[in-house]
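One letter stands for each residue in the lines below.
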Amino acid sequence: MYHKEKSIQIKNSASALYNNLSVLRIAPRRLTYFTVVHANVVNMVSASWDGLNYSHRQLQSKEPNVATSTSLIMQAAFCVLPSRELLVITSQKGIQMYESDGSIMVYWHALDTPETPSEVNYVPAQAVFARGISAVWENYICVGVSSGSILVFDVPSKGSNITLSEVLEEHKESITDIASECSGSQQCIADLVSADDGGNLCVWKSGEEFQLLNKIPGFDMSCSSVKLWKGTVVAGYGTGQIRLYEAVTGILHAEVNAHARWIYSLDIAPFSGLLLSAAEDSLVRVWHLTVSQETNSVEVAHLHNECVTDTQICGARFCDGDGYAFAVTGYDLSEIIRYTQT
Amino acid sequence: MSSRTLPLLFINLGGEMLYILDQRLRAQNIPADKAKKVMNDIITTMFNKKFLEELFKPQELYSKKALRTVFDRLAHASIMRLNQASMDKLYDLMTMAFKYQVLLCLRPKDILLVSFNHMDAIKDFVKDTPSILSLVDETYRQLIEMYTSLSHGEFQLIRQTLLIFFQDMHIRVSIFLKDKVQNSNGRFVLPTSGPVPHGTQVPGLIRMFSCTGEEVTRLQFNNGGNYTAGLREGSFEMFGDRVTKLGTNMYSVSRPVETHMSGTSKSSAQHTKQVNTAPNPLAKEELNLLAKLMGGLEVQKTGNADSGFRVNLFATDEEEEEALITRPDELSYGVINIQATKDHQANAELAKIMGEFTESGHQSPSASSKGDDLLAMMDGL
């Protein structure tokens, strides 16, 4: 069903972090941007569709005012709003927002660190970082924090006047991933889902004030990657399972024993309903989701496996809305492997 | 990332070091009493109370260079001496062995079982010496207290932190190559067969449910591997079967310690990249922390210089010399040299280094924040 294409080389290898690959199609310029995190650097590649041109850029996790300070990056993700596209980078220190080509940093938000005792080298027992990035609605970007908070940023259609508009305090454990409704359907009430290290899911309706619609309890196992498609939450867990819930009611529609190790990444091609799952077991699987007319529930079927030999996969993304192609990377790997439908 | 990573890194690397030294002491026919003294001295130093107190404080990981310095000192805590080529080789073997264990453990929490395997073996090394045994037991207690209550997510963060520490290290180790668990390019083999982790189901089943929760459909799919059901969970107590073999002693007389240095091969040279070549202004601060940690590492005086001896990690002295000359630059640790032929000199040298650490520490800006040493973590391999 899919065959392997020429790989894209990246400047540094990928770190083992959830959802460690982000893809943005720039259709007018026939380009695709890819980002992969390596420790304290984001590797960015711009690849032309004809496969002839690749340009590289590296972004460091520096605080704007403290030249010496750098920290490990947890995630880099493109955020697409109707009016603009941004690249959001989260680290131990804070949140950086760049223009999508990585050229200009437009916003920096420092994370609150817990009260610091007098000792200079004090490090809190609980790690501090931001992780989980998603654009939602016309003008919001949501970012998760290790404390369980979700920061909601109001992003104007242009310029750098980005403001923190709300902090959502429903999760008790570190946020792992956040996703917005990807089908584009206006009929869905819920348009955002967030997941945490205990596997708990929160379903939200965005707006001037975000509204919590539902909480789906976890079972003490991290939900490392989550998606929302046509009112269905698709969640991947450390047990290698994928679960499909109706977002608003929390009804479990399907449970899949999908992988033999910890899942690191899920993605959905919204137009075709293809689902991509990738795990530490070196396998990438493609599934097909369909909405059953009779029962109005989502059904899942397995379509395809790809094994990336001896690689713990940390990032996998479709390159287009139909799922015609997808890209994969893994720990210690200095390349992005692409697969295209035959 | 996780501020609870350093104790596990230290104990597991230390455990691997002891396995290798034990094997070399036997292979070189070092008299039993001297060999025993070396093992006992190193273990006593490793589990020194003050040292562990510093170690178990929440903190970021040290740079590779700083950690190498700690192990350099630990290896020389007794009457045994290693020259630089042997020390380099020892450290390569230790780090690749633990990288293998971190990468291969079935689920993140198994890192604690790997650590217990090392602890169990260390305990066996000192089983006849009650005073050292009590130090080891105290460390078990601290490990259990700090780690057994952590969630799976927190263990995953520890594992991810360790994997960043070991990222881009692809040194080929002959024992792994012979066992076919490492490829010639230095990457480890990841099986798509064997038992799944405890708590995970063998992939291959899709279950669908009605709105009332009844199972309505059950579909099988080809999982692309050859997995079997998960084994029982290993013991997280002080005693008991850890189930996993990762972290147990893989060396024996018939399976000696050897390395292939891969730095000269093109493929690995590409992999060993420097993340950050710019000088790190926070390195001083890290050295300060390190000095504090090493302050707890008490080195015993041997008294009699004649009793000292040298251990070689190579088959012959010629090979060792050759290794020092041919070692590729990108594999150089640039370690702070604390070796000296005589102990009083060594101590003087150490005192000097410690003095430098403290001094430079005073110069470093006090307005530091947590996680700063992570820049240093990315320092040269």
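Residues numbered from 1 in each chain as written. Chains lettered and ligands numbered in written order. Predicted model: local features only at pLDDT ≥ 70, side-chain atom pairs only at ≥ 80, totals over all residues. Heavy atoms only, no water.

Participant: What exactly am I supposed to notice about the packing of aromatic side chains here?
Facilitator: The description of an aromatic ring pair rests on the distance of the ring centres and on the angle between the ring planes. Residues and elements named next belong to chain B. Throughout the structure, instances matching the rule amount to 19 aromatic pairs over all chains. Aromatic side chains Tyr 100 and Phe 176 sit 4.8 Å apart centroid to centroid with 35 degrees between the ring planes, which places their arrangement in the tilted category. With Tyr 100 in helix H5 (residues 84–104) and Phe 176 in helix H9 (residues 174–178), this pair connects stretches of sequence that are 76 residues apart. The burial state of Tyr 100 is the same as that of Phe 176; both residues are buried. (Phe/Tyr/Trp six-rings, centres within 6.5 Å; stacked < 30°, edge-to-face > 60°. Helix = DSSP H or I, 4+ residues; strand = E, 2+ residues; numbered from the N terminus. Buried < 20%, exposed > 50% of the residue type's maximum accessible area, 1.4 Å probe, protein only.)

Participant: Would you take a moment to explain the nonpolar core for this structure?
Facilitator: If you look at the biggest cluster of nonpolar residues, it comprises 126 residues, and the most contacted ones within it are Leu201(A), Phe71(B), Leu90(B) and Tyr147(B). If one sorts the elements of this core by residue count, H5(B) sits on top with 13 residues. Excluding residues within four positions of it along the chain, Leu90(B) makes contact with Met17(B), Ile20(B), Leu21(B), Ala75(B), Leu82(B) and Leu313(B). Ranked by size, the runner-up nonpolar core spans 23 residues in total, among them Leu17(A), Leu59(A), Tyr98(A) and Ala127(A). (Core = buried A, V, L, I, M, F, W, Y, C linked by side-chain atoms within 4.5 Å. Contact = heavy atoms within 4.5 Å.)

Participant: I would appreciate a short explanation of a negative patch on the surface in the present structure.
Facilitator: All names here are of chain B. A cluster of acidic residues, Glu 318, Glu 319, Glu 321 and Glu 322, forms a negative patch on the protein surface. You can see Glu 319 is positioned in helix H12 (residues 317–326). Among the residues examined, Glu 319 registers a relative accessible area of 41% and is labelled partly exposed. (Patch = residues over 30% accessible without salt bridge, like charges linked within 9 Å, V, L, I, M, F, W, Y side chains within 5 Å. Areas by Shrake-Rupley, 256 points an atom, 1.4 Å probe, with all protein chains shown as cover. Salt bridge = Lys/Arg side-chain N within 4 Å of Asp/Glu carboxyl O. Lys, Arg positive; Asp, Glu negative; His and termini not counted. Charge placed at Lys NZ, Arg CZ, Asp CG, Glu CD.)

Participant: Got a minute to help me understand the state of the cysteines in this structure?
Facilitator: In protein chemistry, a disulfide is the covalent bond that joins the sulfur atoms of two cysteines. Residue and element names in this part refer to chain A. Tallying each qualifying case throughout the model produces zero disulfides over all chains. This cysteine, Cys 182, is not joined by any disulfide, and Cys 188 carries the nearest cysteine sulfur, 9.6 Å off. Classification of Cys 182 as partly exposed rests on a relative accessible area of 25%. (Disulfide = S-S within 2.5 Å.)

Participant: Explain the pairing of strand S11 (residues 130–136) of chain A here, please?
Facilitator: Looking along a regular strand, one sees side chains alternate from face to face of the sheet. Residue and element names in this part refer to chain A. Counting buried positions over the seven residues of S11 gives seven, a clear majority of the element. Of the pairings in the sheet, the one linking S11 to strand S12 (residues 140–145) comprises five bridges and is antiparallel in character. Paired with Ala 130 across the strands is Val 145, a residue of S12. Linking S11 back to S12 in an antiparallel pair, the connection comprises three residues, with Trp 137 at a positive phi of about 60 degrees. (Pairing = 2+ DSSP bridges.)

Participant: Teacher, can you tell me more about the sheet that holds strand S9 (residues 94–99) of chain A here?
Facilitator: Within a sheet, adjacent strands bond to each other through the backbone by hydrogen bonds, running parallel or antiparallel. Residue and element names in this part refer to chain A. Pairing is antiparallel across the open sheet formed by four strands, whose spatial order is S7-S8-S9-S10. Strands with a single pairing partner mark the edges of an open sheet, and in this sheet they are strand S7 (73–80) and strand S10 (105–110). Within this sheet the neighbouring strands show an average axis-to-axis angle of 15 degrees, counted without direction. Bridge count for S9 against S10 is five bridges, and the pairing is antiparallel. Bridge assignment links Met 97 to a residue of S10, and that residue is Tyr 107. (Axes fitted to C-alpha atoms, helices over the stretch in contact; angles between N-to-C directions.)

Participant: Would you mind going over the packing of H5(B) against helix H8 (residues 152–165) of chain B with me for this structure?
Facilitator: Residues and elements named next belong to chain B. At their nearest, the axes of H5 and H8 sit 10 Å apart, and the two run at 140 degrees to each other. Put simply, H5 runs oblique to H8. The two elements H5 and H8 meet at a crossing, and its hand is left-handed. Residues Phe 98, Val 102 and Leu 103 of H5 lie in contact with H8, whose contacting residues are Arg 159, Leu 162 and Leu 163. (Parallel < 35°, antiparallel > 145°, perpendicular 65-115°, else oblique. Left-handed = near helix turned anticlockwise from the far one by under 90°.)

Participant: Please explain the pairing of S9(A) as it appears in this structure.
Facilitator: Residues and elements named next belong to chain A. Judged by how many residues are buried, S9 sits mostly within the fold: five of six residues are covered. Here five bridges tie strand S8 (residues 85–91) to S9, and the two strands are oriented antiparallel to one another. Along S9, the bridge assignment pairs Leu 86 with Glu 99. What sits between the antiparallel neighbours S8 and S9 is a turn of two residues. Between S9 and S10, which follow one another and run antiparallel, lie five residues, and Gly 102 among them has a positive phi close to 80 degrees.

Participant: So what exactly am I meant to see when it comes to the environment of Tyr2(A) here?
Facilitator: Residues and elements named next belong to chain A. The topology assignment puts Tyr 2 in strand S1 (residues 2–4). Each C-alpha atom of the pair Tyr 2 and Arg 338 lies 9.6 Å from the other, and the pair is 336 residues apart in sequence. Among the polar contacts made by the side chain of Tyr 2, one reaches the main-chain carbonyl oxygen of Gly 323 at a distance of 2.6 Å. Within the structure, the side chain of Tyr 2 is placed 3.2 Å from the side chain of Gln 341, a separation counted as a polar contact. (Polar contact = N/O pair within 3.5 Å; in protein donor to acceptor, adjacent residues only side chain to side chain.)

Participant: Even after reading the chapter, I still don't get the confidence of the model for chain B, so can you show me in this structure?
Facilitator: Low pLDDT marks regions whose predicted coordinates should not be analysed in detail. Residue and element names in this part refer to chain B. Chain-level pLDDT for chain B is 80 on average; 73% of the residues reach the 70-or-more range. The weakest mean pLDDT in chain B belongs to helix H14 (residues 373–377) at 28; the strongest belongs to helix H6 (residues 110–125) at 98. Note that pLDDT drops below 50 for residues 263–282; the model gives that stretch 38 contacts with residues more than four away or on any other chain. (pLDDT = per-residue confidence, 0-100.)

Participant: Sorry, what's going on with the pattern of salt bridges here?
Facilitator: Pairs may arise between side chains of opposite charge once their charged atoms sit close together. Applying the stated criterion across every chain yields a total of 27 salt bridges over all chains. With a closest N to O distance of 3.0 Å, Lys215(A) and Glu170(A) form a salt bridge. In this pair, Lys215(A) sits in strand S18 (residues 211–216) while Glu170(A) sits in the loop between strand S14 (163–168) and strand S15 (175–180), placing the two residues 45 residues apart along the sequence. Exposure remark for Lys215(A): the relative accessible area of 42% places this residue in the partly exposed category. Arg232(B) is the partner of Asp241(B) in a salt bridge, and the nearest nitrogen-oxygen pair spans 2.5 Å. The exposed category is assigned to Arg232(B), whose relative accessible area is 56%. What emerges from the salt-bridge pattern is a single network uniting Arg243(A), Glu255(A), Arg207(B), Glu215(B) and Arg218(B).

Participant: Honestly, unusual backbone geometry in this entry has me stumped. Any pointers?
Facilitator: Both trends apply: most residues other than glycine have a negative phi, and most peptide bonds are in trans. Residue and element names in this part refer to chain A. At Lys 230, a position not held by glycine, the phi torsion is positive, near 50 degrees. For Lys 230, the position within the fold is in the loop between strand S19 (223–229) and strand S20 (232–237). Unlike most non-glycine residues, Ser 282 shows phi in positive territory, near 70 degrees. Locating Ser 282 in the fold gives a position in the loop between strand S24 (274–279) and strand S25 (283–291).

Participant: What is the right way to read the interface of chain B and chain A from this model?
Facilitator: Counting residues at the interface gives 70 residues for chain B and 71 residues for chain A. Approximately 5800 Å² of surface area, both sides summed, lies buried where chain B meets chain A, with 52% of it carried by carbon and sulfur atoms. Linking chain B to chain A there are three salt bridges. Residue Arg207(B) is joined to Glu255(A) by a salt bridge in which the shortest nitrogen-to-oxygen separation is 2.9 Å. One can count 26 residue pairs in polar contact (both at pLDDT 80 or more) joining chain B with chain A. Secondary-structure elements contributing two or more residues to the side of chain B that touches chain A are H5, H8, strand S3 (205–209), helix H11 (283–295) and H14 of chain B. (Buried area = accessible area lost by both parts, 1.4 Å probe.)

Participant: Explain the environment of Leu244(A) to me, please; I cannot follow it from the model alone.
Facilitator: All names here are of chain A. Tracing the sequence through the fold places Leu 244 in strand S21 (residues 241–246). Each C-alpha atom, one on Leu 244 and one on Val 234, is 4.7 Å from the other, the two residues being 10 residues apart in sequence. Setting aside its immediate chain neighbours within four residues, Leu 244 contacts Thr 232, Val 233, Val 234, Ile 251, Leu 252, His 253, Ala 254, Leu 289, Val 298 and Val 300.

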